[in-house]
Amino acid sequence: QRILAGENCAIVSDAGMPCISDPGEDLVRLCAEYQIETRVVPGPSAVISALCVSGLVTSRFSFEGFLSTNKRSRLEHLTSIRKDTHTLIFYEAPHKLLSTLKDLYETLGDRKISLVKEITKLHESVNRTTLAQAVQYYTENTPKGEFVLVLEGAVIAENNEEEMTLEQAVQLAKELMEQGHRPSDAAKETQFKKAEIYKQLID
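Residues numbered from 1 in each chain as written. Predicted model: local features only at pLDDT ≥ 70, side-chain atom pairs only at ≥ 80, totals over all residues. Heavy atoms only, no water.

Draft legend 1. Just the overall build of the protein, in detail. Tallying secondary structure elements over the protein gives eight helices and five strands in all. Its helices and strands in sequence order give the protein the pattern α-α-β-α-β-α-β-β-α-β-α-α-α, from N to C terminus. In terms of principal-axis extent, the alpha carbons of the protein reach across some 70 × 40 × 30 Å. Looking at the 203 residues of the protein, the share that counts as buried comes to 36%. Long-range pairs, those at least 24 residues apart, make up 69% of the contacts in the protein between residues at least 6 apart in sequence. (Helix = DSSP H or I, 4+ residues; strand = E, 2+ residues; numbered from the N terminus. Buried < 20%, exposed > 50% of the residue type's maximum accessible area, 1.4 Å probe, protein only. Contact = heavy atoms within 4.5 Å.)

Here it is as structure tokens:
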């Protein structure tokens, strides 16, 4: 209302780039709806900064933001990006880091990951490791600070022999069922038909 009344306003952040996984996004959307001119002055961006020091591929990447705290929504999100070959970037708070690392490992398999903590601050650190090693480390050490997770994309199979086996597809179906999903959801992620997976589940 103040902007509509004629004032010029600015949104500023002391911890990262405003409007990226930030309520400022809503303000920009409202301005667009009311034809209010908006301009951006580039500032620190944890997404890009973490990607630069990750040691992973930077030519193609996808910012996935914060994963949902709802277990079913998290699984749906991770399942949808299982085959993405570009680098994946997530934000995470320390109290949810371990559960997120476990979900990433269980859903996407073991991959290279760079955990960038407290970027541009006094205790900034970069831990270049794997998901399996990260789960083990943070099981034994309590996470502190805000994290950016830069994760290796899926590796493309060179031939069909490297595709998911029927046993793996059935196991995926069981895991999805435990989360309230239908077994048919597993078929969408594999080369197998629903009938093949159903048969194995029944047997």
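Draft legend 2. Main features of the environment of arginine 82. The topology assignment puts arginine 82 in the loop between helix H3 (71-80) and strand E2 (87-92). Note: C-alpha distance between arginine 82 and glycine 109 (27 residues apart in sequence) is 9.0 Å.

Draft legend 3. How the structure looks around the nonpolar core. If you look at the biggest cluster of nonpolar residues, it comprises 18 residues, and the most contacted ones within it are Phe90, Leu101, Leu104, Leu115, Leu149 and Leu151. Those elements giving two or more residues to this core turn out to be E2, helix H4 (97-108), strand E3 (112-117), helix H5 (131-140) and strand E5 (147-151). If we ignore the near neighbours within four places in the chain, the residues touching leucine 151 are Leu56, Thr87, Leu88, Phe90, Leu104, Leu108, Arg111, Lys112, Ile113 and Leu131. (Core = buried A, V, L, I, M, F, W, Y, C linked by side-chain atoms within 4.5 Å.)

Draft legend 4. Seen up close, the packing of aromatic side chains. Under the counting rule described, the total for this entry stands at four aromatic pairs. Aromatic pair phenylalanine 63 and tyrosine 91: ring centres 4.9 Å apart, planes at 65°, arrangement edge-to-face. With phenylalanine 63 in strand E1 (residues 61-66) and tyrosine 91 in strand E2, the pair connects residues that are 28 residues apart, well separated along the chain. Aromatic pair tyrosine 138 and phenylalanine 147: ring centres 5.8 Å apart, planes at 85°, arrangement edge-to-face. A single burial state applies to tyrosine 138 and to phenylalanine 147, both of which are buried. An aromatic cluster is built from Phe63, Phe66 and Tyr91, whose rings are joined through pairwise contacts. (Phe/Tyr/Trp six-rings, centres within 6.5 Å; stacked < 30°, edge-to-face > 60°.)

Draft legend 5. Fine view of H3. Of all the positions in H3, only Arg74, Leu75, Leu78 and Thr79 are classed as buried. Viewed end-on, H3 has its buried residues packed into an arc of 125°, placing them on one side of the element. Measuring from the side-chain oxygen of the N-cap residue of H3 to the backbone nitrogen of arginine 72 gives 3.1 Å; that N-cap residue is asparagine 70. (Arc of directions from axis to C-beta. Polar contact = N/O pair within 3.5 Å; in protein donor to acceptor, adjacent residues only side chain to side chain.)

Draft legend 6. Main features of the environment of histidine 86. Topologically, histidine 86 is positioned in the loop between H3 and E2. What makes histidine 86 buried here is its relative accessible area of 16%. Measuring from C-alpha to C-alpha, the distance between histidine 86 and methionine 177 comes to 28 Å, with 91 residues separating the pair along the chain. Sequence-distant contacts of histidine 86, defined by excluding residues within four places in its chain, comprise Arg60, Phe61, Ser62 and Gly153.

Draft legend 7. Quick look at the pairing of E3. Where E3 lies against strand E4 (residues 125-130), six bridges are found, and the strand directions are antiparallel. Note on E4: the bridge partner recorded for valine 116 is valine 126. As paired elements, E3 and E5 share five bridges and run antiparallel to each other. Directly across from isoleucine 113, in E5, lies its bridge partner leucine 151. (Pairing = 2+ DSSP bridges.)

Draft legend 8. Looking closely at a nonpolar patch on the surface. On the surface, Leu4, Leu30 and Tyr34 cluster together to form a nonpolar patch covering roughly 300 Å² of accessible area. Within the secondary structure, leucine 4 is located in the segment before helix H1 (24-33). Residue class for leucine 4 comes out partly exposed when judged on its relative accessible area of 45%. (Patch = residues over 30% accessible without salt bridge, like charges linked within 9 Å, V, L, I, M, F, W, Y side chains within 5 Å. Areas by Shrake-Rupley, 256 points an atom, 1.4 Å probe, with all protein chains shown as cover. Salt bridge = Lys/Arg side-chain N within 4 Å of Asp/Glu carboxyl O.)

Draft legend 9. Up close: the state of the cysteines. Scanning the model with the defined rule gives zero disulfides in all. Of all cysteine sulfurs in the structure, the one in cysteine 31 sits closest to cysteine 9, which takes part in no disulfide; the separation is 8.4 Å. The thiol of cysteine 19 is not disulfide-bonded; the next cysteine sulfur, from cysteine 31, is found 9.3 Å away. Overall, cysteine 19 belongs to the partly exposed group, its relative accessible area being 23%. (Disulfide = S-S within 2.5 Å.)

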